[in-house]
Amino acid sequence: MIKTDIIIIGAGPTGLFAVFEAGLLKLKCHLIDSLAQPGGQCAEIYPKKPIYDIPSRPEIMAGDLVDQLMEQIQPFQPGFTLGETAQDIEKQADGSFVVTTDKGTQHHAPVVAIAGGLGTFEPRKPDLPNLLQWEDKGVDYIIKDPEKYRNKKVLIAGGGDSALDWTIVLASVAEQVTLIHRRNEFRGALDSVEKVQALKNQNKIQLITPAEVTALEGNNRLSSLTINHGETTAEQPVDYFIPLFGLTPKLGPMAHWGLEIEKNAIKVNNSLDYQTNIPGIYAIGDINTYPGKLKLILCGFHEATLMCQSAFQRIYPDKRNVLKYTTVSGISGFDGSRKEAQKSTIKTIE
Amino acid sequence: MEINITVIDRDGQEHPLQAPTDMAMNLMEICKAYELPVEGTCGGMAMCASCQCYVLSQHPLQEKSPDEEAMLSEAFHVKENSRLGCQIQMDEKLEGLKVELAPE
């Protein structure tokens, strides 16, 4: 079991910055996120888009903001459980919590901070008859290990970056890769579009546009797809159908944790410390709601800071604590690193 | 300056709304301001289609940008008259605009 001081659910900007504020108070953090990389929406949805309202940063790319936060919290050595969704939370007799993910990883801490943004990102599933019936029997929405598709016939549907990227990867692994999209145009990095074009020119993949999968057939496993391509309808034998239509956020398992929910957000007490109706569980950033709430990264930073002060008091009820300024006290990392302002020298000039 | 628009929610209920034209607001934001069930997940970057709607009235809307075209090509329940609410800026020409929210 992973033990820490604060379990942070959600590794977006707010969750990452909470590690820094906790670190200043010598509290250790462990982050859980359903995505494979830290950064939340900033990394997953719009890494290359600029943000203009981060104080002192006239313009910063969302992806760069995440990289800089990762650098800032590095001295505080946060742990990460990535690609797993926080599924259950159990309050222990001593008031601490055990958070278990969908893969069974267990985390134990006296404080839990939910920084889940809009929720857990889940794949968007196309509206196809019987689609659900073939899940794990030939239909995948997320590719975890390309080796699974070695020497198999794969059909990928979608027109964005992930459809393009996986087409490129699987082209050298699978027996046959077909990419289909409802339009002729793809939206992705230029480099990826060009690579897919080259693969098509070399007959290494089959590209069908504008086209759509309209039906799935098989016995115990998916074995063929019906494809509508303009006026024609064709059957295509496949081992795997991988629709890649992006991700959509859902509040997910947290909705059943007994937290007070209002309009898809977790209610907190904003006048104090962003604690939820369950003492010891906090909610910070876009996932929470209170009168006057604004879903802004900069507000998430503020909430993370207040949350950490309160978490400290909860963990060490008898310890006195006073706000310290990093300029004065510097930063002592858990990795033994030390950052501090340069001391001024006192010396007579002769 | 305000215009009157009508938004039909996913239960078929009509909501007459007053939309300011001088606040640089788009249809997704107007819906959110009136607490209609529009998520606006991506914040208005034409990257999520959670504000997709069907335009029922004949108004001179701005052409779709390549981003909006691309998103609509990946979205579900798309019809001929589908648009992303976040890409429809409120202006005087849209007086009487009528839209229906697409299924989630």
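Cut-off values and rules
- Residues numbered from 1 in each chain as written.
- Chains lettered and ligands numbered in written order.
- Predicted model: local features only at pLDDT ≥ 70, side-chain atom pairs only at ≥ 80, totals over all residues.
- Helix = DSSP H or I, 4+ residues; strand = E, 2+ residues; numbered from the N terminus.
- Rg over C-alpha atoms; globule rule 2.2 N^0.38 Å.
- Buried ≥ 20, exposed ≤ 12 C-beta atoms within 10 Å, placed from the backbone.
- Contact = placed C-beta atoms within 7 Å.
- Domains from an automatic or database assignment.
- Core = buried A, V, L, I, M, F, W, Y, C linked by C-beta atoms within 7 Å.
- Nonpolar A, V, L, I, M, F, W, Y, C, P; charged D, E, K, R; others polar.
- Pairing = 2+ DSSP bridges.
- Axes fitted to C-alpha atoms, helices over the stretch in contact; angles between N-to-C directions.
- Parallel < 35°, antiparallel > 145°, perpendicular 65-115°, else oblique.
- Left-handed = near helix turned anticlockwise from the far one by under 90°.

The next thing to look at is the overall build of chain B. Counting its regular elements, chain B contains 2 helices and 5 strands. For chain B, the α and β elements follow one another from N to C terminus as β-β-α-β-α-β-β. Its C-alpha atoms give chain B a radius of gyration of 12 Å, near enough to 13 Å, the size a compact globule of 104 residues would have. Overall, chain B is about 35 × 30 × 25 Å in size when its C-alpha atoms are taken along their principal axes. Residues classed as buried in chain B amount to 34% of the 104 residues present. Within chain B, contacts between residues at least 6 apart in sequence are counted, and of these 60% link residues at least 24 apart.

As assigned here, chain A comprises domain 1 (2-121 + 248-339) and domain 2 (125-245). Taking only C-alpha atoms, the centre of domain 1 of chain A and the centre of domain 2 of chain A are 37 Å apart.

This part is about the nonpolar core. All names here are of chain A. With 50 residues, the main nonpolar core has Ile6, Ala18, Val112, Ala113 and Ile114 as its most contacted residues. It is helix α6 (residues 297-315) that contributes the most residues to this core, 7 residues altogether. Once you skip the residues sitting within four places of it in the chain, Ile114 turns out to touch Ile9, Gly10, Met254, Ile266, Ile281, Tyr282, Ala283 and Ile287. Counting residues in hydrophobic clusters, the runner-up holds 31 residues, among them Val154, Ala157, Ile242 and Leu244.

Another aspect to go through is unusual backbone geometry. Cis peptide bonds are those with omega within 30 degrees of zero, and the linkage from Thr209 of chain A to Pro210 of chain A qualifies with -20°. In this model, His77 of chain B sits at a positive phi of 55°, which is unusual for a non-glycine residue. If you trace the backbone, His77 of chain B turns up in the loop between α2 (66-74) and β4 (82-84). According to the C-beta neighbour criterion, His77 of chain B is exposed, with 12 such atoms within 10 Å.

Taken together, the contact between chain B and chain A spans 9 residues of the former and 16 residues of the latter. Considered class by class, the residues forming the side of chain B that touches chain A number 5 nonpolar, 3 polar and 1 charged.

Turning to the sheet that holds strand β8 (residues 97-101) of chain A, a few remarks are in order. Residue and element names in this part refer to chain A. Overall, mixed pairing links the 4 strands, which are arranged β1-β9-β8-β7 in an open sheet. Either end of the sheet is taken by a strand with one partner, and the two such strands are β1 (2-3) and β7 (86-91). Summarising the sheet, β8 and strand β9 (residues 106-109) pair through 4 bridges and their orientation is antiparallel. In the sheet register, Val99 faces β9, and the bridge partner there is His107.

Below, the discussion takes up the packing of helix α4 (residues 161-171) of chain A against helix α5 (residues 190-201) of chain A. Residue and element names in this part refer to chain A. At a closest axis distance of 9 Å, the pairing of α4 and α5 adopts a crossing angle of 45°. Regarding the angle of α4 to α5, the classification is oblique. The crossing of α4 and α5 is left-handed. Two secondary-structure elements touch here, α4 through Asp161, Leu164, Asp165, Thr167, Ile168 and Ala171 and α5 through Ser192, Val193, Lys195, Val196 and Leu199. Tallied by class, the residues present in the contact of α4 with α5 amount to 6 nonpolar, 2 polar and 3 charged.

Here we take up the pairing of strand β16 (residues 222-229) of chain A. Residues and elements named next belong to chain A. Bridging between strand β15 (residues 211-218) and β16 involves 7 bridges; their strand directions are antiparallel. Bridge pairing links Leu216 to Leu225 in β16. Joining the antiparallel neighbours β15 and β16 is a turn of 3 residues. Where β16 lies against strand β17 (residues 232-237), 6 bridges are found, and the strand directions are antiparallel. In the strand pairing of β17, Thr226 is matched with Glu235. In sequence, β16 turns back onto β17 through a hairpin of 2 residues, with Gly230 there showing a positive phi of about 65°.

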